[in-house]
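Geometric and topological summary
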Amino acid sequence: MTLFEKIAARQIPADIVYEDEHTIAFRDLHPVAPIHVLVTPRLPLPGLSSAGTEHIEVLGHCLNAARRVAAQLGLEPGGYRVVINNGDDAGQTVPHLHLHLLGGRQMSWPPG
Ligand code: 5GP
């Protein structure tokens, strides 16, 4: 079971802000923005690279959940960032696909 499956199963505590049939979203343990939520599919895909065309719906559900959580947490109309770290070079540390939803402060580009 991945860390995020354990959170979904309530085996590890987390501040869950949204969930539906396909996704679960909870606050990051080490936030890098005033609002930092991880949106993850219940299906434990290790990363974006592991997704195929058969996962297009799952990917869509994740993006849609991120959009809903952003609105729910008051990040509209100010804006927010959605990030997927995929693989070592991107700094992915948890091998269960997740979207970082970041907001509540001004952000710069490009990221470090
Ligand atoms: P990654 O580096 O894989 O893109 O992102 C993993 C994220 O998971 C990190 O931002 C990290 O702070 C967060 N994280 C790691 N362990 C836990 C945990 O047990 N609970 C929560 N809520 N977040 C975690």
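Residues numbered from 1 in each chain as written. Predicted model: local features only at pLDDT ≥ 70, side-chain atom pairs only at ≥ 80, totals over all residues. Heavy atoms only, no water.

Remarks on the nonpolar core
By size, the foremost hydrophobic cluster in this structure holds 14 residues, and its most contacted members are Val17, Tyr18, Ala25, Val37, Val39, Val69 and Leu101. Sorting the residues of this core by element identifies strand S1 (16-19), strand S3 (35-41), helix H2 (56-72) and strand S5 (99-103) as the ones contributing at least two each. With five residues, the top contributor of residues to this core is H2. Ignoring anything within four residues of it in the chain, the contact list for valine 39 reads Ile24, Ala25, Cys62, Ala65, Ala66, Leu97, His98 and Leu99. Counting residues in hydrophobic clusters, the runner-up holds six residues, among them Ile7, Phe26, Leu38 and Val94. (Core = buried A, V, L, I, M, F, W, Y, C linked by side-chain atoms within 4.5 Å. Buried < 20%, exposed > 50% of the residue type's maximum accessible area, 1.4 Å probe, protein only. Helix = DSSP H or I, 4+ residues; strand = E, 2+ residues; numbered from the N terminus. Contact = heavy atoms within 4.5 Å.)

Observations regarding the site of the ligand
Taken together, 16 residues lie around the ligand, and Arg27, Asp28, Asn85, Thr93 and His100 are the ones closest in. A distance of 2.7 Å is found between an oxygen atom of the ligand and a backbone nitrogen or oxygen belonging to threonine 93. One of the side-chain nitrogen or oxygen atoms of histidine 100 is found 2.8 Å away from an oxygen atom of the ligand. For the ligand, whose accessible area on its own is 520 Å², the fraction buried by protein is 84%. Applying the majority rule of atoms within 2 Å of the grid points places the ligand in the largest pocket. For the shell around the ligand, the secondary structure elements donating two or more residues are helix H1 (3-8) and strand S2 (23-27). The element that contributes the greatest number of residues to the shell around the ligand is H1, accounting for three residues. In terms of residue class, the shell around the ligand is built from seven nonpolar, seven polar and two charged. (Near = heavy atom within 4 Å. Polar contact = N/O pair within 3.5 Å; in protein donor to acceptor, adjacent residues only side chain to side chain. Areas by Shrake-Rupley, 256 points an atom, 1.4 Å probe, with all protein chains shown as cover. 1 Å grid on protein atoms, 1.4 Å probe; cavity = no way out; pocket = protein on both sides within 12 Å on 5 of 7 lines; lining within 4 Å. Sits in = over half its atoms within 2 Å of the grid points. Nonpolar A, V, L, I, M, F, W, Y, C, P; charged D, E, K, R; others polar.)

Some details on the packing of aromatic side chains
With the rule as written, the count across this model stands at one aromatic pair. For the pair phenylalanine 4 and phenylalanine 26, a centre-to-centre distance of 5.2 Å together with 65° between the ring planes defines the contact as edge-to-face. One end of the pair, phenylalanine 4, is in helix H1; the other, phenylalanine 26, is in strand S2, with 22 residues separating them in the sequence. (Phe/Tyr/Trp six-rings, centres within 6.5 Å; stacked < 30°, edge-to-face > 60°.)

Re the pairing of S5
A large share of S5 lies buried, amounting to five of its five residues. Side chains Leu99, Leu101 and Gly103 project from S5 onto one buried face, and the interleaved His100 and Leu102 project onto a second face that is buried too. Bridge analysis of S3 against S5 gives five bridges, and the strand direction is antiparallel. In the sheet register, leucine 38 faces S5, and the bridge partner there is histidine 100. (Pairing = 2+ DSSP bridges.)

Considerations on the side chain of threonine 40
Structurally, threonine 40 can be placed in strand S3. Since its relative accessible area comes to 0%, threonine 40 is described here as buried. A polar side-chain atom of threonine 40 sits 3.2 Å from a polar atom in the side chain of histidine 96. Contacts of threonine 40, omitting those with residues within four sequence positions, involve Phe4, His22, Thr23, Ile24, Phe26, Cys62, His96, Leu97 and His98.

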